[in-house]
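Structure at a glance
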Amino acid sequence: MEEKGQLIVRIKIQCDIPVKDYAVNVVCRLPVPKSTTDVITSISGAGETSEYKQNDKIIHWKIKKMQGCSEVGTKFIVTVGSCWKQSKLELGPISLDFEIPMCVLSHLQLRFLRVFDRDHSYVPLRWVRYVTHSDSYVARL
């Protein structure tokens, strides 16, 4: 329910990767209208934090770890000073950053690695790390 001068924003993030995998360092950024005076958050899960940066007019929602085939959600109540109906157009776009360790969604894998070491003391396989990292994941509202 919206009151005059308030915008209610509900965000759900669904992790559509296999159950055995997980995403870490998930950061959701939501730009808010320039006339925003206050933001109230309701976070339900452990390992989640949110922060409103007044100078940048951006809400940061951080999730430490998100298991595959799971879903998390939150609600933000954004209080705007004037022209609250016009402020709906200024919301977004939402950007998302994340990492998926030990998973490569392109299915490219390193099969052979040779390191030239005279003593044969270097074991290169234990230093190979597969990571999927988001570069630009953006959704319009």
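Residues numbered from 1 in each chain as written. Predicted model: local features only at pLDDT ≥ 70, side-chain atom pairs only at ≥ 80, totals over all residues. Heavy atoms only, no water.

A short note on unusual backbone geometry
Most peptide bonds are trans, and most residues other than glycine sit at a negative phi. Selection criterion: Strands are runs of DSSP state E lasting at least two residues, helices are runs of H or I lasting at least four, and both sets are numbered from the N terminus onward. Exposure is judged per residue with a 1.4 Å probe applied to protein chains only, and the accessible area is read against the type maximum: over 50% gives exposed, under 20% gives buried, and values in between give partly exposed.
The residue after Gly 92, namely Pro 93, is reached through a cis peptide bond having omega -5°. Here the phi dihedral of Lys 57 falls at roughly 60°; this positive angle occurs in a residue that is not glycine. For Lys 57, the location among the structural elements is in the loop between strand E4 (48-53) and strand E5 (58-67). With relative accessibility at 18%, the residue Lys 57 sits in the buried group. Even without being a glycine, Met 102 presents a positive backbone phi close to 55°. Structurally, Met 102 can be placed in the loop between strand E7 (94-101) and strand E8 (131-133).

Description of the pattern of salt bridges
Note the following rule: We count a salt bridge whenever a side-chain nitrogen from Lys or Arg sits within 4 Å of a carboxyl oxygen from Asp or Glu.
For the coordinates displayed, the defined rule picks out three salt bridges. Here Lys 12 ties to Glu 71 by a salt bridge, and the two come within 3.9 Å at their closest N and O atoms. Here Lys 12, found in strand E1 (residues 6-15), pairs with Glu 71, found in strand E6 (residues 70-80); they are 59 residues apart in sequence, far enough to count as distant. For Lys 12, a relative accessible area of 65% translates into the label exposed.

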